[in-house]
Amino acid sequence: MDPSYEKKVAELKKKIQSFPDFPKPGILFWDIFSAISDGETCKLLQNLLVQSIKAKFPQVESVVGLESRGFLFSFSLANELGLGCLPVRKKGKLPGEVVSYKYDLEYGSDVLEIQKASVRPGLKCLIVDDLIATGGSITAASNLLKSCGADVIGCLVIIELTSLKGRDNIPKGLPVHSLVQYD
């Protein structure tokens, strides 16, 4: 990693804004959009993510973006690294034959899908998203990819809300790297 990596992470952290009581009372929303509205911060974030992948996940073959903010980062990372990019979407948003995975939430359930033809057995996938809170969507995406025969090698997120202990809910042995942590 670049010797100034930690300094750059601190710069990024200063740019991320929080919004109390959004989307409902009692929620503190950490907004990556506030940081990437600035061109220099976009470049900084891209550089940090690429450095993290090269250092922590050099064997990656495909970057998997989770709906919806994960899409923003997965395509640009895959493009820069010369890799494939796979979207994992909510039910009914992908054409063609899909593989589905239903998972439980605190308030019900949801379904994630991926196009069946996009995943080959043994494909080394890195899940990318903007945030890890409870770990539910990352775990569901990992299970979905594994059901297709993919090898999920890790997860890269920009923001981790450590007080929610989402990392504890992710499958054992799945490496998670977060750039910025908040309590």
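Above this text is the structure in question.
These numbers come from a predicted model, not from an experiment.

1. Looking at the pairing of strand β6 (residues 108-115)
Judged from the two bridges that link them, strand β4 (residues 84-90) and β6 form a sheet pairing that is antiparallel. Bridge pairing in β6 places Lys-90 opposite Leu-112. When strand β5 (residues 98-105) meets β6, the two strands line up antiparallel, connected through eight bridges. When the sheet's bridge partners are listed, Val-98 is paired in β6 with Gln-115. Adjacent in sequence and paired antiparallel, β5 and β6 are bridged by two residues.

2. A short note on the nonpolar core
Counting residues in hydrophobic clusters, the biggest one holds 30 residues, and the most contacted among them are Leu-12, Ile-16, Ile-32, Leu-45, Ile-158 and Leu-179. Of all the secondary-structure elements, those providing two or more residues to this core are α1 (5-15), α2 (32-36), α3 (39-56), α4 (69-81), β7 (124-132), β8 (151-161) and β9 (176-182). In terms of residue count, the dominant contributor to this core is α3 (six residues). Setting aside chain neighbours within four positions, we find Ile-32 in contact with Ile-16, Leu-45, Arg-69, Phe-73, Asp-130, Ile-158 and Ile-159. Judged by nonpolar contacts, the second largest core, of 26 residues, contains Tyr-103, Cys-125, Ile-127 and Cys-148.

3. Description of unusual backbone geometry
Omega for the bond connecting Phe-22 with Pro-23 falls within 30 degrees of zero, at 5 degrees, which places this linkage in the cis form. Looking at the element boundaries, Pro-23 is found in the loop between β1 (17-20) and β2 (28-31). With a phi close to 60 degrees, Asp-21 is a non-glycine residue in the positive phi region. Positive phi values are uncommon outside glycine, yet Lys-165 reaches one of about 55 degrees. Mapped onto the secondary structure, Lys-165 falls in the loop between β8 and β9. On the basis of relative accessible area, Lys-165 is assigned to the exposed category, the value being 51%.

4. Topic: the packing of aromatic side chains
By the definition in use, this model includes two aromatic pairs. Considering the side-chain rings of Phe-22 and Phe-29, the 5.3 Å spacing of their centres and the 80 degrees angle between planes classify their relative orientation as edge-to-face. Note on Trp-30 and Tyr-182: the rings are 3.6 Å apart at their centroids and 10 degrees apart in plane angle, and the pair reads as stacked. With a gap of 152 residues between them, Trp-30 in strand β2 and Tyr-182 in strand β9 connect regions that are remote in the sequence. Classification of Trp-30 as buried rests on a relative accessible area of 16%. Note on Tyr-182: relative accessible area 9%, which makes it buried.

5. Digging into the pattern of salt bridges
One pass over the structure, following the stated rule, counts 10 salt bridges. A salt bridge links Asp-2 to Lys-8; the nearest nitrogen and oxygen atoms lie 2.8 Å apart. Look at Asp-2 and you get partly exposed, because its relative accessible area is 26%. For Lys-8, a relative accessible area of 18% puts it in the buried group. Its salt-bridge partner being Asp-130, residue Arg-69 comes within 2.6 Å of it at the nearest N-O pair. With a gap of 61 residues between them, Arg-69 in helix α4 and Asp-130 in strand β7 connect regions that are remote in the sequence. Within this structure, Glu-67, Arg-89 and Lys-93 form a network of salt bridges that share partners.

6. Considering the state of the cysteines
The final tally for this structure, using the stated rule, is zero disulfides. For Cys-125, which is in no disulfide, the shortest distance to another cysteine sulfur is to Cys-148 and amounts to 8.9 Å. Take Cys-125: its relative accessible area is 0%, and that puts it in the buried class.

Calculation criteria
- Residues numbered from 1 in each chain as written.
- Predicted model: local features only at pLDDT ≥ 70, side-chain atom pairs only at ≥ 80, totals over all residues.
- Heavy atoms only, no water.
- Pairing = 2+ DSSP bridges.
- Helix = DSSP H or I, 4+ residues; strand = E, 2+ residues; numbered from the N terminus.
- Core = buried A, V, L, I, M, F, W, Y, C linked by side-chain atoms within 4.5 Å.
- Buried < 20%, exposed > 50% of the residue type's maximum accessible area, 1.4 Å probe, protein only.
- Contact = heavy atoms within 4.5 Å.
- Phe/Tyr/Trp six-rings, centres within 6.5 Å; stacked < 30°, edge-to-face > 60°.
- Salt bridge = Lys/Arg side-chain N within 4 Å of Asp/Glu carboxyl O.
- Disulfide = S-S within 2.5 Å.

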